[in-house]
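In case you want the letters, here they are:
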Amino acid sequence: MSSIHWAWVSVTSRCHTWLKSHPVDVNKLPVEEKAQVMPSRSILRCKVLDRQDEHTKLDMRGLGDWWVLDRHWNGLSTEKEDKPYEVDGDLIFLKDFPYYYQESDKYDDSHVFTFAMCLKYLKTPGINGVMDYVEAVNKHGLSRIKSSNSKALEEFGMKATFTYSADSDDIKKQIREGQPVAASLLCRGTPEYPTGKTHLVAITGYGKDYWLVQDPFGEMDLINGLWSDRNPLAGKDVRYSFQNMNPRLFASGGASGWCWLNFREM
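The notes below deal with the structure included here. Owing to the predicted nature of the structure, the values given are computational and were not obtained by experimental measurement.

1. A few points about the packing of aromatic side chains
Scanning all chains against the criterion turns up 11 aromatic pairs. Ring geometry for F115 against F263: centres 6.2 Å apart, planes inclined by 70°, an arrangement best described as edge-to-face. Highlighted residues: F115 in helix α1 (residues 111-121) and F263 in strand β17 (residues 257-265), separated in sequence by 148 residues. The class of F115 is buried, set by a relative accessible area of 0%. An aromatic cluster of at least three residues, connected via ring pairs, comprises F115, Y133, F156, F162, Y164, W258, W260 and F263.

2. A word on helix α3 (residues 146-155)
When we look at burial in α3, the residues that qualify are S148, N149, A152 and L153. Angular distribution of buried residues about the axis of α3 spans 135°; they occupy a single face of the element. Once α3 finishes, G157 follows within two positions and takes phi at roughly 70°, a positive value.

3. Points about the packing of α1 against helix α2 (residues 130-137)
Packed helix pairs are specified by the crossing angle of their axes together with the interaxial distance, meaning the distance between the axes. Closest axis-to-axis distance for the α1/α2 pair is 9 Å, and the angle between their directions is 115°. Here α1 runs over α2; the crossing is right-handed. Across the interface between the two elements, V112, F113, F115, A116 and L119 of α1 pack against V130, Y133, V134 and V137 of α2. Tallied by class, residues from the contact of α1 with α2 come to nine nonpolar, no polar and no charged.

4. Things to note about the pattern of salt bridges
Applying the stated criterion across every chain, the model contains six salt bridges. When the shortest N-O distance is used, the salt bridge between E155 and K139 registers 3.1 Å. In this pair, E155 sits in helix α3 while K139 sits in the loop between α2 and α3, placing the two residues 16 residues apart along the sequence.

5. Concerning the environment of P191
Here P191 is to be found in the loop between β11 (181-189) and β12 (194-206). The residues touching P191, leaving out its near neighbours within four places in the chain, are L222, I223, N244, P247 and R248.

Quick notes on the rules
Residues numbered from 1 in each chain as written. Predicted model: local features only at pLDDT ≥ 70, side-chain atom pairs only at ≥ 80, totals over all residues. Heavy atoms only, no water. Phe/Tyr/Trp six-rings, centres within 6.5 Å; stacked < 30°, edge-to-face > 60°. Helix = DSSP H or I, 4+ residues; strand = E, 2+ residues; numbered from the N terminus. Buried < 20%, exposed > 50% of the residue type's maximum accessible area, 1.4 Å probe, protein only. Arc of directions from axis to C-beta. Axes fitted to C-alpha atoms, helices over the stretch in contact; angles between N-to-C directions. Left-handed = near helix turned anticlockwise from the far one by under 90°. Contact = heavy atoms within 4.5 Å. Nonpolar A, V, L, I, M, F, W, Y, C, P; charged D, E, K, R; others polar. Salt bridge = Lys/Arg side-chain N within 4 Å of Asp/Glu carboxyl O.

Below is the structure:
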């Protein structure tokens, strides 16, 4: 592999083309080592791994590592290091993350706001605001149900991995890869004894001893439960300490976080 800098690109096919296991003529590859791609297919946040013979090798995340023919794709021009996150002091964060405020008298569930924020950040076609996601998820059942959200994501050509066993390293890795994490917090009780129904927030960064969170309901009272500030922007870029948030996130200890990870195109 050539010694180039890591780079992050979002690419779009210019014509009917192929993903290839090797940078050779597509006719020389067996069927299991290539995949057809239609024109105007966008693949977001790929990592450049190598370049040779007018081809580029990309880590396409959920799709795996593939070579593409450069002239068949837009978006491959960068060669400089281009990290998918920003740094401000000790904070590593996703820049320009959208924020949607949840008015308590309209909805009793935070899932639609958090999913809409994540999809809007990822520039998902069809997502211009919360109502776009509401309309999709309502077709499939309650918005707090995992299967309803999986089906709603599919309507936008997206998928994500749900896990009951995320840990801090999993979340930090996602942020460094330019990905938000939709994470469930227990919103009642104390850090020692958290209780209540789960509340979904977007984790969009982390510092030395805190998470950067987009909380659609405002700023949570991590010590006593519920919320200390319900103003419309109180939950935007709020910093929740590891000490007080982690017991609500990893309520069973260890790797026990209920999270949606690895948002990606289908």
